Amino acid sequence: MFIDYFIGYEKFHHYFQPIYSVVSKKKLGYEALLRSEHFLNPETAFLEAKKRNRLYELDSRSMHKAVSAYHSAGLLSKEGNLFVNVFPSTILHSSFPSFLNKIMTDFALNSQQIILEITETECVNRFHLLKSKIFELKSQGFQIALDDVGKGYFNFQSIIELEPNYLKLDRYLSNDLHLSRKKQALILVFLDYCKENNVQLILEGLEKEIEVKTAESLGVPIAQGYFLGKPTSLMNTV
């Protein structure tokens, strides 16, 4: 099967998209995004890996390769923290704690430098176990982000009980934000919740200057999107 070759020889790389403070315009870090000439849509690669029962292997290898590239470029000390995507099933995997510990040891990192961005594309059947694992990670100093909130499987229970450090709102709320009072009102609800519960809110998918300005007027603290910076190779970030 091609996916076995794809994973075994790591026929993928990563682009890195900057994340900014809306007010100060300071770069706070990057999100690592898997890319490959073999899969135009990265989600397809993970779906194929899941069919072959190799999702954990692809996910963990992707994480390791992203952290290695970011560390080798010296960006952790200069450009802020790295957000790495991780599936809930990866967090639940028995090998994940030792894998994560190896990453931190191999690259001499502290847990605060890597934000585990949990993807919303996978249904969580063992929610209470996932919650327990996440609390273990947080007790070790790791920070947790919920990705694409408002789009997939994450619901109010996830937001409340997993107690993430970051909420990343889906790009749907950014699209023509300046034209939609309803979207603005919903973002304000999330902002109030985040302020009350010491959660950092990130608005994704900002592609126009007017959308950024509207987000700033609402009090959105952190943003990500093509207008602020497109995903790019590390050669173009330094």
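Residues numbered from 1 in each chain as written. Predicted model: local features only at pLDDT ≥ 70, side-chain atom pairs only at ≥ 80, totals over all residues. Heavy atoms only, no water.

Caption draft 1: Fine view of the sheet that holds strand E8 (residues 222-223). Overall, mixed pairing links the eight strands, which are arranged E1-E2-E3-E4-E5-E6-E7-E8 in a closed barrel. As paired elements, strand E3 (residues 81-86) and strand E4 (residues 114-118) share five bridges and run parallel to each other. Within E4, the residue paired with Asn85 across the bridge is Glu117. Across the sheet, helix H3 (residues 55-72) lies against strand E1 (13-21), strand E2 (27-35), E3 and E4, angled at about 165° from E3, the strand it touches most. (Pairing = 2+ DSSP bridges. Helix = DSSP H or I, 4+ residues; strand = E, 2+ residues; numbered from the N terminus. Contact = heavy atoms within 4.5 Å. Axes fitted to C-alpha atoms, helices over the stretch in contact; angles between N-to-C directions.)

Caption draft 2: Region of interest: the pairing of E3. For E3, the tally of buried residues reaches five of six residues, placing the bulk of the element in the interior. Where E2 and E3 come together, four bridges link them in parallel fashion. Each residue of the ladder has a partner; that of Tyr30, found in E3, is Leu82. (Buried < 20%, exposed > 50% of the residue type's maximum accessible area, 1.4 Å probe, protein only.)

Caption draft 3: Highlighting unusual backbone geometry. Its identity as a non-glycine residue notwithstanding, Glu10 has a phi of 45°, on the positive side. Note that Glu10 resides in the loop between helix H1 (2-8) and E1. Exposure remark for Glu10: the relative accessible area of 27% places this residue in the partly exposed category. One non-glycine residue, Asn198, adopts positive backbone phi at about 55°. One can find Asn198 in the loop between helix H9 (181-196) and strand E7 (200-203).

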